Amino acid sequence: MKKIFFLLLIMLGVKAFGMKILIPMDESQTNHLKAYGIAYYIIEHGQTADWLLNYRGGSFMTDYDADVAAQCRIRNVSFKQISDGEANNILTEISRNDVNMERVPLEKAPKIAVYAPKTYKPWDDAVMLVLTYAEIPYTVVYDEEILNGELQKYDWLHLHHEDFTGQHGKFYAMYKNAAWYKNQVREYEALAAKMGYTKVSKLKLAVAKTIKAFVENGGFMFAMCSATDSFDIALAAENTDICHPMFDGDPVEPDCQNKLDFSKTFAFKDFKLEMNPNVYEYSDIDATRTRKVNQNDDFFTLFEFSAKWDPVPTMLCQNHVAVIDGFMGQTTSYNKNVLKSNVLIMGENKALNEARYIHGEIGKGTWTWYGGHDPADYTHYVGDPPTDLDAHPNSPGYRLILNNVLFPAAKKKKMKT
């Protein structure tokens, strides 16, 4: 009779007292990417989940709930039902001073915005792909929404593959006759005029400054590929024109390189602009053209941080492997010689003197930048189809993106850097 009653409780979705769900994130996990979606689902529905840093690859644990268990089964996410006693043994192990582990409660689902154009672009965005795949809700915003003050609705902002300098991605040499490129230029110029700006570069600068204020006021910002270095370049070039006539109708300002203000940037200093408009590169921040490595030898290593004393970078680096396969992008990696001293490197290729995964604080908020375009596609050229993440459910490179998505949910008293 008791067994029947217990089964009825489970069928009705009632919590089973004295039980927990453990979602392992080591090599045993069938779908790492969807596991993050389960963690988000738990906190989105008012429950608390514990992020067990460095325990079996950064596992998740929560009170047993039949609905959560059902979601795991539906999404093919490995989980284990354990007793309170087993859970306490895990927490006791994690709390030991001689192990590099920590328990971080995840309490509130962050409201997520993705900065991306609403119209066609001939490439996809890794963050949008993985958020959709993991079933984590997000809202697409672009220049108009940002300049109209809508960022205040969100906790976390991702910057899509973007050019904040007003040079239209420096695609001119290769794609100036392509229909998509011509349409994009027309759309950007029309939007700039609608918002009261004489140039696209001025519109994008205003957007970059608004995003900077969002971070300074406590927002979480994540960006990849060209949205990272072009963002800093736009901020540094606030008071000088670095755009050639094919981009904005007038010449570059003389001696613009020496008029850059590096005090306004997030991550980079003393970089040199690429002033040839026919070269597909913004500056020497990016090492894409200078790095000498073949695909088989292209990788980067995650740093190991103290989970108890440095939980923020520890969260951002959770993974089931420490070495991540490299992947290319318009901005692939960062020349370490132009990094500011307060930038935290979380992933690097030491032999190439390049950083791939960096983090920092601005005001009350934080930013994290990740070099490359698609962690599961080494080159991913313009026009390539979107990556099918069903073929990459355990991608360590994509896990780094999702670490950033959950990071704002962490209980704030644990956030020490």
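Residues numbered from 1 in each chain as written. Predicted model: local features only at pLDDT ≥ 70, side-chain atom pairs only at ≥ 80, totals over all residues. Heavy atoms only, no water.

Applying the stated criterion across every chain, the model contains 23 salt bridges. The partner of E144 in a salt bridge is K194, and the shortest N-O contact between them spans 3.0 Å. With a gap of 50 residues between them, E144 in helix α6 (residues 143-147) and K194 in helix α8 (residues 179-194) connect regions that are remote in the sequence. Take E144: its relative accessible area is 27%, and that puts it in the partly exposed class. Taking relative accessible area as the criterion, K194 reaches 57% and is therefore assigned exposed. One salt bridge connects E253 with K259, and the closest N-O pair in it is separated by 2.7 Å. Judged by relative accessible area, K259 falls into the partly exposed class, the value being 38%. (Salt bridge = Lys/Arg side-chain N within 4 Å of Asp/Glu carboxyl O. Helix = DSSP H or I, 4+ residues; strand = E, 2+ residues; numbered from the N terminus. Buried < 20%, exposed > 50% of the residue type's maximum accessible area, 1.4 Å probe, protein only.)

The next thing to look at is the state of the cysteines. This model, assessed by the stated rule, comprises 0 disulfides. The cysteine C256 is free of any disulfide, with C243 supplying the nearest cysteine sulfur at 9.4 Å. Free cysteine C317: the closest other cysteine sulfur is in C225, separated by 20 Å. (Disulfide = S-S within 2.5 Å.)

This next bit is on the side chain of D248. By secondary structure assignment, the location of D248 is in helix α11 (residues 245-248). Judged by relative accessible area, D248 falls into the buried class, the value being 16%. A polar contact is formed between the side chain of D248 and the backbone nitrogen of D250, at a distance of 3.2 Å. Apart from the residues within four sequence positions on either side, D248 is in contact with K199, D241 and C243. (Polar contact = N/O pair within 3.5 Å; in protein donor to acceptor, adjacent residues only side chain to side chain. Contact = heavy atoms within 4.5 Å.)

In this section: the nonpolar core. I23, W51, F60, M224, Y370 and I401 are the most contacted members of the largest nonpolar core, which totals 62 residues. Considering each element in turn, this core owes the most residues, 8 residues, to helix α2 (residues 32-44). Here I23 is in contact with Q29, A35, I38, S59, F60, C72, V77, S78 and F79, once residues within four sequence places are set aside. Y115, V141, A234 and F247 belong to the second-largest nonpolar core, a separate cluster that totals 58 residues. (Core = buried A, V, L, I, M, F, W, Y, C linked by side-chain atoms within 4.5 Å.)

This part is about the environment of R103. In this fold, R103 is placed in strand β5 (residues 102-106). Take R103: its relative accessible area is 37%, and that puts it in the partly exposed class. It is 6.1 Å that separates the C-alpha atoms of R103 and L53, two residues lying 50 residues apart in sequence. Within the structure, the side chain of R103 is placed 2.9 Å from the side chain of D50, a separation counted as a polar contact.

Let us now look at the sheet that holds β5. Reading across from one edge, β4-β1-β3-β2-β5 is the order of the 5 strands in this open sheet, with antiparallel pairing throughout. Where the open sheet ends on each side, the last strands, each with one partner, are β4 (80-83) and β5. Ignoring which end each strand starts from, the neighbouring axes of this sheet average 30° apart. Pairing of strand β2 (residues 49-53) with β5, which is carried by 5 bridges, proceeds in the antiparallel orientation. Considered in β5, the bridge of D50 is made with P105. Running at roughly 90° to β4, helix α4 (residues 84-95) makes contact with β1 (19-23), β2, β3 (59-63), β4 and β5 of the sheet. (Pairing = 2+ DSSP bridges. Axes fitted to C-alpha atoms, helices over the stretch in contact; angles between N-to-C directions.)

Now for the side chain of K170. By the secondary structure assignment, K170 is in the loop between β8 (156-159) and α7 (172-175). A polar atom in the side chain of K170 sits 3.0 Å from the backbone oxygen of E274. Separated by 2.9 Å, the side chain of K170 and the backbone oxygen of E281 make a polar contact. Non-local contacts of K170, meaning those with residues more than four positions away in its chain, are made with D163, E274, N276, P277, V279, Y280, E281, Y282 and Q330.

Next up on the list: α8. End to end, α8 covers 22 Å across 16 residues, agreeing with the expected 22 Å (1.5 Å per residue, within 8%). Along α8, the residues that are buried comprise W180, Y181, Q184, V185, Y188, L191 and A192. For α8, the arc enclosing every buried residue in end-on projection is 135°, short of the 170-degree limit, so these residues lie on one face. Exposed and facing more than 90 degrees away from the buried side of α8 are A179, A193 and K194. (Expected span 1.5 Å × (residues − 1). Arc of directions from axis to C-beta.)

As a further point, take the packing of aromatic side chains. Applying the stated criterion to the full structure yields 27 aromatic pairs. Here Y36 and F60 contribute two aromatic rings whose centre-to-centre distance is 5.7 Å and whose plane-to-plane angle is 75°, an arrangement assigned as edge-to-face. With Y36 in helix α2 and F60 in strand β3, the pair connects residues that are 24 residues apart, well separated along the chain. Residue Y36 is classed as buried on the basis of its relative accessible area of 1%. Taken together, Y115, Y142, F164, Y188, F231, F266, F268, Y334, W367 and W369 form an aromatic cluster joined through their ring pairs. The ring of Y172 carries K176 above its face, with NZ or CZ at 5.1 Å from the centroid. (Phe/Tyr/Trp six-rings, centres within 6.5 Å; stacked < 30°, edge-to-face > 60°. Lys NZ or Arg CZ within 6 Å of the ring centre and 35° of its normal.)

This paragraph deals with unusual backbone geometry. With the exception of glycine, the majority of residues adopt a negative phi angle, and the majority of peptide bonds are in the trans configuration. Positive phi is not limited to glycine here, since R56 has a value of about 50°. Relative to the helices and strands, R56 resides in the loop between β2 and β3. Of note in this structure, D255 is not a glycine but carries a positive phi near 60°. Counting through the fold element by element, D255 comes out in the loop between α11 and β10 (299-302). Classification of D255 as partly exposed rests on a relative accessible area of 47%.

For the rest of this paragraph, the subject is the packing of α2 against helix α13 (residues 396-406). Orientation of α2 relative to α13, taken along the N-to-C sense of each, is 5°, at an axis distance of 10 Å. Taken together, the axis directions place α2 and α13 in an arrangement best described as roughly parallel. On α13, the residues that touch H32, L33, Y36, A39 and Y40 of α2 are Y398, R399, L402, N403 and L406. The residue makeup of the contact of α2 with α13, split by class, is 7 nonpolar, 2 polar and 1 charged. (Parallel < 35°, antiparallel > 145°, perpendicular 65-115°, else oblique. Nonpolar A, V, L, I, M, F, W, Y, C, P; charged D, E, K, R; others polar.)

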